[in-house]
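Survey of secondary and tertiary structure
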Amino acid sequence: MVQAAILGYGTVGAGVLQVLNMNHETIARRVGDEVNVKYVLDLREFPGTPAEKILTHNYQDILDDPEVGIVVETMGGLKPAYEFTKQALLAGKNVCTSNKELVAEHGVELRKIAREHSVNYLFEASCGGGIPIIRAINESMTADEFEEVSGILNGTTNYILTSMADEGKSFEEALKEAQAKGYAELHPEADVEGYDACRKIAILSSLAYGKHISYKDVQTEGITAVDQADIAYAKALGLKIKLIAKSSRSEKGTWAMVAPMMIGSENQLYTVDGVMNAVFVKGNALGDAMFYGSGAGSLPTASAVAGDVLECAKHLKETIRFDDTSEAMELLAPDEVTVAFFARTDASEEAVKKVFGEVQTIRLPEYPDETGFVTSVMTEAAFAEACKAVGGVKKFIRRG
Ligand code: HSE
């Protein structure tokens, strides 16, 4: 029997215990051995729950137990998750995690320690909730050179933007609902300011391109400035506003960005609504591929973590190979990135066209004092200069 321990009995940890119990026989058949959860570590008590009889408050119980071969870290945050993970790996135990913050910050180091001890540090649930995108990049699309990774990588913000656009809900109301459904981070600014999606695109892009992209280098904007006027313009243009995480690699260089973008139905991410996430990849042999599924929530995320538990159970003393390097990827400066823009200005259509040329303009009766316009593709630096020349530009959203 393979013994596991779960660190943190929150939304995801409780989901992992539920999945491993609910699908016990199927998992045993697939692994060729039973997988049992021997401990749940948490500071709190959980009377009347499946964790009650296996609960410990002392991590040493788990570290000192030679039977425990797999540690599931679903605590979130860096402290004490980093130390606990390191200790488990050093003790020759595999670790599976949903903790994108830890993977983005210390993943390279933790995977190195795992390799040195012939165990695994797996993190499928860190990106895209239940979508098996990391395994697809790492084990399936292995013959391709990747040219692009993009996606809707945060369920909370997609839920908020969809509720605002489809049901006219306020930002605050939609965020509260996302929190009640267990989608949001403990500190929801990680979601709404784009930090969570930033970590996820850094993790995925590093694996896809085989060089380390630090999340600190990814230009990141959240959705807190998106208002009903922006949504009205998007609708009038036949577009939707989505928080897009994207990286792209070409001969000109590599760039990575998280920002709200207006996208149209020509973009495969257009129909990805609510808590759903999708990841789009472009390979030089495969071409386009898209992966779609629940981006947050207890059981979808637990499904990905439990999948990693199975992988570890099948490779208890053998490290699964990753295209993993600490060599840093140089990114283009944000100013050099080329993209089209939607913008709103107090200036007239004539003033806009004088500077930007024959671009598409739009005027909405509800906002009689402003002009909306969509530019052609240009560098961020050129757009900023042109906006100065027009004057009165109060808002812009990239046209993805
Ligand atoms: N808060 C995250 C989200 C959870 O909304 O996507 C899943 O990583």
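This is a predicted model, so every value here is computed, not measured. Along each chain, numbering runs from 1 in the same order as the chain's sequence is written. Totals for whole chains, interfaces and linings use all residues, but because this is a predicted model, local features are given only for residues with pLDDT of at least 70 and pairs of side-chain atoms are given and counted only at 80 or more. Side-chain metrics rest on all non-hydrogen atoms present in the structure, leaving aside hydrogens and water.

Structural notes on the packing of helix 7 (residues 155-167) against helix 8 (residues 171-180)
This is how it is decided: Note on geometry: axes are C-alpha line fits, over the in-contact stretch for helices, and angles between N-to-C directions span 0 to 180 degrees. The helix count covers DSSP runs of H or I at least four residues long, the strand count covers runs of E at least two residues long, and both are numbered beginning at the N terminus. By the definition adopted for this analysis, an angle is roughly parallel if under 35 degrees, roughly antiparallel if over 145, roughly perpendicular if from 65 to 115, and oblique otherwise. Each crossing gets its handedness from the near helix: less than a right angle anticlockwise from the far helix is left-handed, clockwise is right-handed. Any two residues having at least one pair of non-hydrogen atoms within 4.5 Å are treated as being in contact. Only Asp, Glu, Lys and Arg are considered charged in this grouping, and only Ala, Val, Leu, Ile, Met, Phe, Trp, Tyr, Cys and Pro are considered nonpolar; every other residue, Gly among them, is considered polar.
Following both chains from N to C, one finds helix 7 and helix 8 inclined at 135°, their axes separated by 9 Å at the closest point. Taken together, helix 7 and helix 8 sit at an angle that is classed as oblique. Where helix 7 crosses over helix 8, the two elements pack in a sense that is right-handed. Here helix 7 contributes Thr-156, Tyr-159, Ile-160, Ser-163 and Met-164 to the contact with helix 8, which in turn contributes Phe-171, Ala-174, Leu-175, Glu-177 and Ala-178. Tallied by class, the residues present in the contact of helix 7 with helix 8 amount to seven nonpolar, two polar and one charged.

Let's talk about empty space enclosed by the protein
Condition: With a 1 Å grid laid over protein atoms only, a set of points is called a cavity when a 1.4 Å probe fits there but cannot get out and a pocket when it is open yet has protein on both sides within 12 Å along at least five of seven lines; lining residues have an atom within 4 Å of a point. Grid points are joined across faces, edges and corners, and a volume is the space filled by probe spheres set on the points.
Within this structure, the stated rule accounts for three cavities of 30 Å³ or more. In this structure, the largest cavity spans a volume of roughly 100 Å³. Lining the largest cavity are 13 residues, with Val-103, Arg-111, Ile-203, Ser-206 and His-212 positioned closest to its centre. For the lining of the largest cavity, the secondary-structure elements that each account for two or more residues are helix 5 (100-116) and helix 10 (195-209). Among the elements that make up the lining of the largest cavity, the one with the highest residue count is helix 5 (five residues). Residues belonging to the lining of the largest cavity are distributed by class as follows: eight nonpolar, four polar and one charged.

Looking at the layout of surface pockets
By volume, the largest pocket amounts to about 1100 Å³. Elements with a minimum of two residues in the lining of the largest pocket: helix 1 (11-22), helix 5, helix 7, helix 9 (189-192), helix 10 and helix 12 (298-314). In terms of residues, the lining of the largest pocket owes the most to one element, helix 10, which gives four residues. Quantified by volume, the second largest pocket comes out at close to 300 Å³. Together, 18 residues line the second largest pocket, and Glu-148, Ser-150, Lys-246, Asn-267 and Gly-400 are the ones closest to its centre. Contributions of two or more residues to the lining of the second largest pocket are made by strand 7 (146-152), strand 9 (240-250), strand 10 (253-263) and strand 13 (338-345). For the lining of the second largest pocket, a count of residues per class yields nine nonpolar, five polar and four charged.

Concerning the pattern of salt bridges
This is how the line gets drawn: Any carboxyl oxygen of Asp or Glu that lies within 4 Å of a side-chain nitrogen of Lys or Arg is treated as forming a salt bridge with it. Relative accessibility thresholds used throughout: buried, under 20% of the residue-type maximum; exposed, over 50%; partly exposed, between the two (1.4 Å probe, protein chains only).
One pass over the structure, following the stated rule, counts 33 salt bridges. One salt bridge connects Lys-112 with Glu-116, and the closest N-O pair in it is separated by 3.1 Å. Note that Lys-112 and Glu-116 are positioned in helix 5 at a spacing of four residues, about one turn of the helix. Across the salt bridge formed by Arg-398 and Glu-380, the nearest N and O atoms sit 2.6 Å from each other. Of the two residues, Arg-398 is situated in strand 17 (residues 393-399) and Glu-380 in helix 14 (residues 380-390); the sequence distance between them amounts to 18 residues. Judged by its relative accessible area of 10%, Glu-380 is buried. Among the charged side chains, a salt-bridge network with shared partners connects Asp-227, Asp-230, Arg-344, Asp-346, Glu-370, Lys-394 and Lys-395.

Some words on the nonpolar core
A general feature of soluble globular proteins is that nonpolar side chains tend to end up buried together. Rules: Buried Ala, Val, Leu, Ile, Met, Phe, Trp, Tyr and Cys residues that are joined via side-chain atoms within 4.5 Å together make up what is termed a nonpolar core.
One finds Tyr-59, Ile-62, Tyr-121, Ile-134 and Leu-204 to be the most contacted residues of the largest nonpolar core, which totals 108 residues. When residues of this core are assigned to their parent elements, the largest contribution, nine residues, is made by helix 10. When near neighbours in sequence (up to four residues on either side) are disregarded, Ile-62 contacts Ala-5, Leu-7, Tyr-39, Leu-41, Thr-56, Val-68, Val-71 and Lys-93. Val-339, Val-352, Met-378 and Phe-383 belong to the second largest nonpolar core, which has 13 residues in total.

A look at the site of the ligand
Heads up, the condition is: What makes a residue near a molecule or strand is one non-hydrogen atom of that residue sitting within 4 Å of it. For this analysis, a polar contact is any N or O atom pair within 3.5 Å, provided that within protein one partner can donate a hydrogen and the other can accept it, and provided that sequence-adjacent residues contribute only side-chain to side-chain pairs. Computed by Shrake-Rupley with a 1.4 Å probe, the accessible areas treat only the displayed protein chains as cover when residues are assessed.
Neighbouring the ligand are the residues Lys-100, Asn-154, Gly-155, Thr-156, Tyr-183, Ala-184, Glu-185, Asp-191, Asp-196, Lys-200, Gly-295 and Ala-296. Here an oxygen atom of the ligand and a side-chain polar atom of Thr-156 are 2.6 Å apart. In this structure, Asp-191 approaches the ligand through a side-chain N or O atom, which is 2.8 Å from a nitrogen atom. In the complex, the protein chains occlude 94% of the 260 Å² of accessible area that the ligand would expose alone. Only helix 7 and helix 10 provide two or more residues apiece to the shell around the ligand.

Focus on the pairing of strand 12 (residues 287-294)
Counted only if it meets this: The rule for pairing is simple: two strands pair if DSSP sees at least two bridges between them.
Bridge analysis of strand 11 (residues 276-283) against strand 12 gives eight bridges, and the strand direction is antiparallel. Across the sheet, Val-279 pairs through a bridge with Phe-291, a residue of strand 12. A loop of three residues connects strand 11 with strand 12, the two strands running antiparallel in sequence.

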